[in-house]
Amino acid sequence: MLADRLYFYAKYKCMKISYNWLKQYLNIDLPASEVSKILTDIGLEVGGVDELQSVKGGLVGLVIGEVKEKEKHPDADKLSLTKVDIGAAELLNIVCGAPNVAAGQKVIVATIGTELYNGDESFTIKKSKIRGALSEGMLCGADEVGLGHSEGIMVLDSSVAVGTLAKDYFKVESDFILEVEPTPNRADALSHYGVARDLYAYLKSRGENVQLTLPSVTEFKVQETSLPIDIKVEDTEACVRYMGVCISGVEVKESPDWLKNKLKLIGLNPINNVVDVTNFVLHELGQPLHAFDYEAVKGKVVVKKNAAGIKFTALDKVERELKEENLMIWNATEPMCVGGVMGGLHSGTTQKTKNIFLECAYFNPVVVRKSSKVLGLKSDSSFRFERGVDPNMTPVALKRAALLIQELAGGKIASEIVDVYPHPIQHFNIHFRFQRCNDLIGELIPKEKIKNILSVLDIQIVSESADALELKVPPYRVDVQREIDVIEDILRIYGYNTVAIPEKLSASLEITTGIPQERIRMVVSQQLSALGFNEILCNSLSNKEYYTEYPEFEDAGFVSLLNPLSSELSIMRRSMIFGAMEAVQRNVNRQHSNLKFFEYGKTYRKTENGFFEQNNLTLLITGNKEEESWNASKDKVNFFSLKGYVQQLCDRIGASKLKIKASENSLYTEVFEIRVGKKVLGEIGVLNKKLSKKFDVKQEVYVANILWDNFCELAQNVKIQYAELPKFPVVRRDLSLLLNKEIKFVELEQLAFDVEKQLLKEVNLFDVYEGKNLPEGKKSYALSFILQDAEKTLVDAQIDKVMEKLMKSYKEKLGAEVR
């Protein structure tokens, strides 16, 4: 890498996959770390693997004990002395402060060395004396071990055997959680079964004896038809497939431990047995479902969009006004659910629900995305529907959920399954060429190997010729609709790392005129990296609210997105500054306050003639000049620090005559235009403190924005000339000037070079004084002037003549007084 790069980007939604759960569909016994590596290799990147328990700490060190004796502590009214049997050779002496402790109780005992958790904090049980009494453990309440809440200690059933491990009694599950980060096109991998299916393809293609098992729904059967349901889909383009079934006589209650533990391990909160089943099937098969109270449905379901202006309260308890584009699930009179997004507050299941209507559907991804966006409402369901679920999984998921609800909540299947599917989604037909595949992959893969990979990927070979295949790709693979997609799928299962590195590299030479921009960029990046800068890459999408207060952006030049991801990413950026400030904010909040950033990027503007894109190089510095050290200076960076860096970049390409001129831009407190000759290079200045404050940045921030195309053009035009080193010495003369406060050094420097173009080589400001003993509105500058003649040694007469001209110009044009 030419420079250290800091990337700031929005990650795709992370999906938690339970390894134990995954193994229910695939007979494997690989280490979780190996599974993680395989998934990453085949395109399902795993961000991390964590070992978790359904109860934090796994109840390690906790045993079931029996209180044999209990008496009052002699020196404390609220403490008791107990003797507890945990199945060891001797009884434990434990001091307990719970008011409900009594002899004969079966309790949870934390033995010495046990670590107990309270949120993110923990403490270890130690042998100690409490008010003079020996305590060899702790009797625990439910909240102290992560099992809920209890008043005092948790008293267990008297039938529990003494010495039983608490983790066995409470059936604590230990598991590995894989944080899978699928790309947006991989809708097929947004479930445990989907991930298992990809893992199966990889292992099976390598000859492993693995079997992929879809949960069986053969036991599903209609037991009665006491709950009739009429389903009408008015918009079959928005709702491609809609299925439903009714279940009578259910008991809505708390879910069993196995189900609650599975949901907890992947970060979901259990609600009740019916809702938990729908969430379970969602994460098992990738198919969202919704359970309605049958009484709210009133025997009729209508799927339509005609709901504009109606007030609707979803399960998040927020009231929203529906729009024309919202696809709604209605009963006979009112909307009950936002199709594919979220149910309504008053139509879902409650403890009083006895009969339910179970919905399972395929909604158009575009419709769900628009509906979710316009309402500002997102859910696990919308996340999947927006990307495209499997239309052929809906009957399996519906039956699977119905059977689980029967198992956990009782009841009977009380209606026939209604399936409205007027226009079935067909397989994708693709013409595949072997030669094209080998050319793109860069390796000759045997035809039988290719056909084997296609088979394990569930891609059907319809016909075959010597050179090509006719394929049918199942609808759930929404990312595989072209020949190139099939080739990519073959490659990821074949293995990117399996492709051999060629022994010979062929390349063609290209004759170019001038210096390529890539070469200039590499040189500049190396230079900035050597100066301590880090490269950042910020999002080209920006928040329109950033620009509202600044007159530079009052025109209608914003390039807005039709379907933005969020209101914070609704336009293409007009300035590089706001993205860079987000990076500064992120770093300052993490105690990294001494920053030097650079970024290459485009800004975008809409014009009367279309769209305008501008290439930029932005430099940003803030904080101290040096990192903290015993021998380091604590000086802060300043405007001249940044100007020096810009000057070095110009020097690097041979354009050393940098000039700056005061300018105006409300993004800055003070800003200057950068020029080399007549070429405008950009602007440099001190960022507006009000702008910095919006990002919670209190320190001064200095920014230079270089017009990259102009910079590269300048590099092309600069001619390198060689000259002998000067044989004659330089001469330095100093001037101390009393000036009006508004006069800037750049004006003094420019005027000096206007007065003396041949002998004057350098002007430097080495001292500034403002304070007492000076007239009001005045300041004192001390300047040094470097003079040199390449042909001869300067004599005093020449030097004095130059200095007299300088003093005269400063007096007449700037009102300066020579001190």
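Summary of the structure given here. (Residues numbered from 1 in each chain as written. Predicted model: local features only at pLDDT ≥ 70, side-chain atom pairs only at ≥ 80, totals over all residues. Heavy atoms only, no water.)

## Focus: the overall build of the protein
Turning to step 1, where the next piece is worked out: Along its length, the protein carries 20 helices and 42 strands.
Turning to step 2, where the next piece is worked out: For the C-alpha atoms alone, the extent of the protein along its principal axes is close to 115 × 90 × 65 Å.
Turning to step 3, where the next piece is worked out: Within the protein, the fraction of its 819 residues that count as buried is 50%.
Turning to step 4, where the next piece is worked out: Long-range pairs, those at least 24 residues apart, make up 70% of the contacts in the protein between residues at least 6 apart in sequence.
Turning to step 5, where the next piece is worked out: Summed over all atoms, the accessible surface of the protein reaches about 42,100 Å², with 48% contributed by carbon and sulfur.
Turning to step 6, where the next piece is worked out: Both charge centroids of the protein, one from 104 positive and one from 113 negative side chains, sit 4 Å from each other. (Helix = DSSP H or I, 4+ residues; strand = E, 2+ residues; numbered from the N terminus. Buried < 20%, exposed > 50% of the residue type's maximum accessible area, 1.4 Å probe, protein only. Contact = heavy atoms within 4.5 Å. Areas by Shrake-Rupley, 256 points an atom, 1.4 Å probe, with all protein chains shown as cover. Lys, Arg positive; Asp, Glu negative; His and termini not counted. Charge placed at Lys NZ, Arg CZ, Asp CG, Glu CD.)

## With respect to the sheet that holds strand β3 (residues 46–53)
Turning to step 1, where the next piece is worked out: Strand order in the open sheet formed by 3 strands is β2-β14-β3, with antiparallel pairing between adjacent strands. Edge positions in the sheet fall to β2 (15–18) and β3, since each of these pairs with one other strand and no more. The sheet shows a mean angle of 25° between the axes of neighbouring strands, taken without regard to direction.
Turning to step 2, where the next piece is worked out: The sheet contact formed by β3 and strand β14 (residues 174–180) spans 6 bridges and is antiparallel. Looking at the pairing, L52 lines up with D175 of β14. (Pairing = 2+ DSSP bridges. Axes fitted to C-alpha atoms, helices over the stretch in contact; angles between N-to-C directions.)

## Topic: the nonpolar core
Turning to step 1, where the next piece is worked out: One finds L39, L199, V281, L358, I405 and F432 to be the most contacted residues of the largest nonpolar core, which totals 87 residues.
Turning to step 2, where the next piece is worked out: Considering each element in turn, this core owes the most residues, 10 residues, to helix α10 (residues 394–409).
Turning to step 3, where the next piece is worked out: Excluding residues that lie within four positions of it along the chain, F432 makes contacts with C437, I450, D467, A468, L469, L471, E483, V486, I487 and I490.
Turning to step 4, where the next piece is worked out: W330, M342, V368 and V389 belong to the second largest nonpolar core, which has 41 residues in total. (Core = buried A, V, L, I, M, F, W, Y, C linked by side-chain atoms within 4.5 Å.)

## Observations concerning helix α5 (residues 257–265)
Turning to step 1, where the next piece is worked out: All of the buried residues along α5 are L259, K260, N261, K262, L263 and L265.
Turning to step 2, where the next piece is worked out: Tucked into the core, α5 has its buried residues touching β2, α1 (19–22), β3, β14, α6 (273–285) and α10.
Turning to step 3, where the next piece is worked out: Just beyond α5, the residue with positive phi is G267, at close to 90°.

## Regarding unusual backbone geometry
Turning to step 1, where the next piece is worked out: Here D458, not a glycine, exhibits a phi torsion of approximately 70°, which is positive.
Turning to step 2, where the next piece is worked out: For D458, the position within the fold is in the loop between α12 (447–456) and β28 (460–464).
Turning to step 3, where the next piece is worked out: Residue D458 is classed as partly exposed on the basis of its relative accessible area of 44%.
Turning to step 4, where the next piece is worked out: Look at Q591: it is not a glycine, yet its phi comes out positive at around 65°.
Turning to step 5, where the next piece is worked out: Tracing the backbone shows Q591 in the loop between α15 (577–588) and β33 (595–607).
Turning to step 6, where the next piece is worked out: Assessed through its relative accessible area of 70%, Q591 is described here as exposed.

## Details of the packing of aromatic side chains
Turning to step 1, where the next piece is worked out: Applying the stated criterion across every chain, the model contains 19 aromatic pairs.
Turning to step 2, where the next piece is worked out: Taken together, a centroid distance of 5.8 Å and an interplanar angle of 90° make the contact between W258 and F280 edge-to-face. With W258 in helix α5 and F280 in helix α6, the pair connects residues that are 22 residues apart, well separated along the chain.
Turning to step 3, where the next piece is worked out: A relative accessible area of 31% places W258 in the partly exposed class.
Turning to step 4, where the next piece is worked out: Judged by relative accessible area, which is 2%, F280 ranks as buried. (Phe/Tyr/Trp six-rings, centres within 6.5 Å; stacked < 30°, edge-to-face > 60°.)

## Regarding the pattern of salt bridges
Turning to step 1, where the next piece is worked out: Within the structure shown, the criterion is met by 41 salt bridges.
Turning to step 2, where the next piece is worked out: The residue R320 makes a salt bridge to D316 at a minimum N-O spacing of 2.8 Å.
Turning to step 3, where the next piece is worked out: With a relative accessible area of 30%, D316 lands in the partly exposed category.
Turning to step 4, where the next piece is worked out: A salt bridge links R675 to E673; the nearest nitrogen and oxygen atoms lie 2.7 Å apart.
Turning to step 5, where the next piece is worked out: Using a relative accessible area of 22% as the deciding quantity, one classes E673 as partly exposed.
Turning to step 6, where the next piece is worked out: What emerges from the salt-bridge pattern is a single network uniting R186, D188, D198, R477, D479, D489 and R492. (Salt bridge = Lys/Arg side-chain N within 4 Å of Asp/Glu carboxyl O.)

## Overview of the sheet that holds strand β18 (residues 300–304)
Turning to step 1, where the next piece is worked out: Strands sit in the order β15-β18-β21-β22-β23 across an open sheet of 5 strands; the sheet is mixed. Sheet topology places β15 (230–233) and β23 (342–343) at the edges, where each strand pairs with a single neighbour.
Turning to step 2, where the next piece is worked out: The pairing of β18 with strand β21 (residues 328–330) spans 3 bridges and is classified as antiparallel. What sits directly across from V302, in β21, is W330.

## Let's talk about α15
Turning to step 1, where the next piece is worked out: Taking 1.5 Å as the rise per residue, α15 with 12 residues should run 16 Å; its terminal C-alpha atoms sit 16 Å apart, in good agreement.
Turning to step 2, where the next piece is worked out: Of all 12 residues making up α15, 9 are buried, and the element is well covered by its neighbours.
Turning to step 3, where the next piece is worked out: Of the positions making up α15, those classed as buried are I577, F578, G579, A580, M581, A583, V584, N587 and V588. (Expected span 1.5 Å × (residues − 1).)

## A closer look at the side chain of S18
Turning to step 1, where the next piece is worked out: Tracing the backbone shows S18 in strand β2.
Turning to step 2, where the next piece is worked out: Given a relative accessible area of 3%, S18 falls into the buried group.
Turning to step 3, where the next piece is worked out: Those residues in contact with S18 that lie beyond four places of it in its chain are D175, F176, I177, H192 and I266.

Geometric values such as these leave the question of function open.
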